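So you can see what is in the structure, the chains are spelled out below.
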Amino acid sequence: MATDSWALAVDKQESTTDSFGSLVIRSPPRGGGDAAPRKAKGTTKQVENGTKVEEKEDKAAQSLLNKMIHTSLVNTTNQVEVLQRDPKSPLYSVKTFEELRLKDELLRGVYDMGFNRPSKIQENALPMMLAEPPQNLIAQSQSGTGKTAAFALAMLSHVDPANKWTQCLCIAPTYELALQTGKVIEQMGKFYPEVKLAYAIRGNKLDRGTKLQEQIVIGTPGTVLDWCSKLKIIDPKKISVFVLDEADVMIATQGHQDQSIRIQRMLPNECQMLLFSATFEDSVWKFAERVVPDPNIIKLKREEETLDTIKQYYVLCNDKDEKFTALCNIYGAITIAQAMIFCHTRRTAGWLSAELTKEGHVVALLSGEMTVEQRAAIIERFREGKEKVLVTTNVCSRGIDVEQVSVVINFDLPIDKDGNADNETYLHRIGRTGRFGKRGLAVNMIDSKHSMNILNQIEEHFNKKINKLDTDDLDEIEKISN
Ligand SMILES: Nc1ncnc2c1ncn2[C@@H]1O[C@H](COP(=O)(O)OP(=O)(O)OP(=O)(O)O)[C@@H](O)[C@H]1O
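Model, not experiment: these values are computed from the prediction.

*Asks:* Even after reading the chapter, I still don't get the packing of helix α8 (residues 256–266) against helix α9 (residues 282–291), so can you show me in this structure?
*Replies:* Helix-helix packing: each pair is described by the crossing angle between the helix axes and the interaxial distance. Remark: α8 packs on α9, axes separated minimally by 10 Å, with the N-to-C direction vectors making an angle of 20°. Relative to α9, the element α8 lies roughly parallel. Of the two elements, α8 crosses α9, and the hand of that crossing is right-handed. Residues Gln 257, Ser 260, Ile 261 and Gln 264 of α8 form the contact with α9, whose participating residues are Phe 287, Arg 290 and Val 291. When the residues that make up the contact of α8 with α9 are grouped by side-chain class, the tally is three nonpolar, three polar and one charged.

Okay, structure coming up:
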């Protein structure tokens, strides 16, 4: 992978940031008839389309939800691994936005958004993205770590506002994700009176041969491909920065992978290729290598979630009514700041939240048929402490980071599609508690031989014994909360 030509010259960065204008937005169509629905499907309704569709839609909805609910960066426990093409090249790191030598107008945009310092991924990726000659990059870091802001800044930095044609092209997997990213570019470019942004998304109909003047285009692969080829609205040969965002979601969407590669093939060799992903399984990596030749690689590793600070118990019950009684007993015996309760189906979640409400609890219910906006609003209310109990199915529970959650109840244990223990989901669920060094409590409700078997699989997987709790014995429950 090493090449002789690698040069990451920070002192040359100025040359990439010399001319800027303001950002004028070509607005996306509002509520266009063919706008993709924001509702997360992907559950039973989509069965006829097969499991791939389910996965795709959930991933895109989850990703959108993450974007909507992330207000702060996960900054503390991350480590960066930077794999550069030339091992001899220095690892550049910038500690302040000033050190990036951004144009003043861009700096103003950054500070106006409330950013004081670059996040880890920004600190590492931006010097590479702004280097001369342009460097290709594959970057992976979890959701909410500042990737979008990083490449938005890179695109804005590369644009020459005097040139009235599209110079930067960014593709995102869905209509909504493209809009969210567009918003970040709009905000960041607030102080640049000449730079314009256009949305290549369904519903934004332009005539064949229209010569687009916007320097930045954000869109979905299908429409971008049409604009570059059939409709000749963008001249791909004039693109100098190509960003592929959410690569992991992209490949889960049928057709997007091919379309992305077709777009990439139309771009000139010297075009800078940047690819971002929140996760990096093999399939993403293979795709990334096809899209980004000769890449620098940045991976931001999150510290492993650990079960060490979480006390885990199980409760033996015969049916869901007994599980509910056990739950009430736990609530009667210990003070719970906030709790998350996971159910296997929407039906159980709905039933449970109704029962808890009857008992006088203020309950929030989150389930798969809700729109992403509705989910984001519920999660926000829960984070603000307006409700103390969140009952949820698994569908939408990732990305919920609530510090005050002290108890996680697995009303139903997580299982994979083959009916075996879903260890990763278990870790993720109970990892909601016991954060930031606080001690957490996780209680698993067992109501059948099968669920006991699942629990045993989980114990074995994590090599950790889960003790039995007698919820009829109030003293015993009190003890576990100490
Ligand atoms: N340097 C920074 N300082 C403070 N906040 C920041 C900084 N960079 C980004 N943010 C904010 O952090 C949140 C997450 O950033 P961003 O959306 O760029 O993350 P992401 O890694 O792209 O997430 P996703 O994978 O979900 O797209 C946003 O609210 C953004 O405004």
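*Asks:* When you look at the site of the ligand in this model, what are you seeing that I'm missing?
*Replies:* Neighbouring the ligand are 19 residues, the closest being Phe 115, Ser 143, Gly 146, Lys 147 and Thr 148. Among the elements of the structure, α1 (51–69) and α4 (147–158) are those that each provide at least two residues to the shell around the ligand. Broken down by class, the residue content of the shell around the ligand amounts to six nonpolar, eleven polar and two charged.

*Asks:* What am I meant to see in the UniProt feature "domain: Helicase ATP-binding" (unreviewed entry) in the protein chain here?
*Replies:* Here, the residues flagged by UniProt with the feature "domain: Helicase ATP-binding" (unreviewed entry) are residues 128–298. As a span, residues 128–298 carries 36% helix and 18% strand, and end to end its C-alpha atoms are 10 Å apart.

*Asks:* Whenever I open this one, the environment of Asp 258 confuses me. Can you help?
*Replies:* Locating Asp 258 in the fold gives a position in helix α8. For the pair Asp 258 and Asp 248, spaced ten residues apart in the sequence, the C-alpha separation amounts to 14 Å.

Analysis parameters
Residues numbered from 1 in each chain as written. Predicted model: local features only at pLDDT ≥ 70, side-chain atom pairs only at ≥ 80, totals over all residues. Axes fitted to C-alpha atoms, helices over the stretch in contact; angles between N-to-C directions. Helix = DSSP H or I, 4+ residues; strand = E, 2+ residues; numbered from the N terminus. Parallel < 35°, antiparallel > 145°, perpendicular 65-115°, else oblique. Left-handed = near helix turned anticlockwise from the far one by under 90°. Contact = placed C-beta atoms within 7 Å. Nonpolar A, V, L, I, M, F, W, Y, C, P; charged D, E, K, R; others polar. Near = placed C-beta within 6 Å. UniProt positions renumbered as here; feature names shortened; annotations may be inferred.

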